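Examination of the molecular architecture
Residue strings, one per chain:
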Amino acid sequence: MEFYEETIKSTSIYKGNVTEYIVEDVKLPNGEMSQREIVRHDGAAAVLPFTEAGELILVKQYRKAIDQLSIEIPAGLKDKTDGDGLETAKRELEEETGYNAKNWKFITSFYSTPGFTDEFLEIYEATGLYLAENPLSLDEDETVEVVIATYDEAWEFYHKGLLRDSKTVFALFYWKMKKLERELGK
């Protein structure tokens, strides 16, 4: 069975600083017509910064889309000048937490919600953390608080509903997997 949907017409509804909203008329594999509402996105990167003590550095911020506080791993949008996601992850770690890292490791990448957006997220692990002498400033519209959490504290944030965004939930399960591997001696 063929799955491709041919775009017949594409209309930009709104283009903002972060996203563009598009409506596409598409021809389905069965020949029928349909519409797709799509949010175009430049992509983002996130980082799991682990301290020497094995804690995870998180950031607390208010997220208007869900009208509540959210505790998340540091992350941000790719700038046009970023060569790759690693540059974005390094910048965001410093801007949001004041830390840099000696060691960086690519973990994974994924489309956040491909049913309506092409946002592509890259996730990195950072170790060998140290405070930057003159850290980059937060973006003008950001207000964050650094939260350094143990494994149990991070899961408590999850169970309280404070840690629910997809990238940070992924981070928790990644951390759990790493912990299990250490316990099993792998």
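So, here's what we can say about the structure.

The rules behind each value
- Residues numbered from 1 in each chain as written.
- Predicted model: local features only at pLDDT ≥ 70, side-chain atom pairs only at ≥ 80, totals over all residues.
- Heavy atoms only, no water.
- Helix = DSSP H or I, 4+ residues; strand = E, 2+ residues; numbered from the N terminus.
- Expected span 1.5 Å × (residues − 1).
- Buried < 20%, exposed > 50% of the residue type's maximum accessible area, 1.4 Å probe, protein only.
- Contact = heavy atoms within 4.5 Å.
- Polar contact = N/O pair within 3.5 Å; in protein donor to acceptor, adjacent residues only side chain to side chain.
- Core = buried A, V, L, I, M, F, W, Y, C linked by side-chain atoms within 4.5 Å.
- Pairing = 2+ DSSP bridges.
- Axes fitted to C-alpha atoms, helices over the stretch in contact; angles between N-to-C directions.

Take helix 1 (residues 85-97) next. Along its 13 residues, helix 1 runs 18 Å from first to last C-alpha, staying within 8% of the 18 Å computed at 1.5 Å per residue. Among the 13 residues that make up helix 1, 10 are buried, leaving the element largely enclosed by the rest of the structure. Considered for burial, the residues of helix 1 that qualify are Gly85, Thr88, Ala89, Arg91, Glu92, Leu93, Glu94, Glu95, Glu96 and Thr97. Residues of helix 1 that are buried in the fold lie against strand 4 (44-49), strand 5 (56-63), strand 7 (75-77), strand 8 (99-111), strand 9 (120-131) and strand 10 (145-149). Its side-chain oxygen at 3.1 Å from the backbone nitrogen of Leu86, Asp84 defines the N-terminal cap of helix 1. Downstream of helix 1 by one or two residues, Gly98 has phi in the positive range, about 85 degrees.

With that out of the way, let us pick up the nonpolar core. Within the largest apolar cluster, 25 residues are counted, with the highest numbers of intra-cluster contacts made by Leu48 and Leu58. Those elements giving two or more residues to this core turn out to be strand 4, strand 5, strand 9, strand 10, helix 2 (151-159) and helix 3 (166-183). Those residues in contact with Leu58, other than ones at most four positions away along the chain, are Ile71, Glu72, Ile73, Glu145, Val146, Val147, Ala149, Phe157, Leu163 and Thr168.

Of the strand pairs in this sheet, strand 2 (residues 19-27) and strand 3 (residues 33-41) are connected by 9 bridges, and their pairing is antiparallel. Paired with Tyr21 across the bridge in strand 3 is Val39. Count of turn residues in the strand 2/strand 3 antiparallel hairpin: 5 residues, of which Gly31 carries a positive phi of about 95 degrees.

This brings us to the sheet that holds strand 6 (residues 68-72). The strands making up a sheet associate through hydrogen bonds between their backbones, and the pairing can be parallel or antiparallel. One open sheet holds the 3 strands; their spatial order is 6-5-10, and the pairing between them is antiparallel. Across the chains shown, the open sheet's two edge strands, defined by having one partner strand only, are strand 6 and strand 10. Along the sheet, successive strands turn relative to each other by an average axial angle of 30 degrees, direction set aside. In this structure, strand 5 lies alongside strand 10, joined through 5 bridges in antiparallel fashion. From the neighbouring strand, Leu58 faces strand 10, where its bridge partner is Val147. Taken strand by strand, helix 3 contacts strand 5, strand 6 and strand 10, and its axis lies near 40 degrees from that of strand 6.

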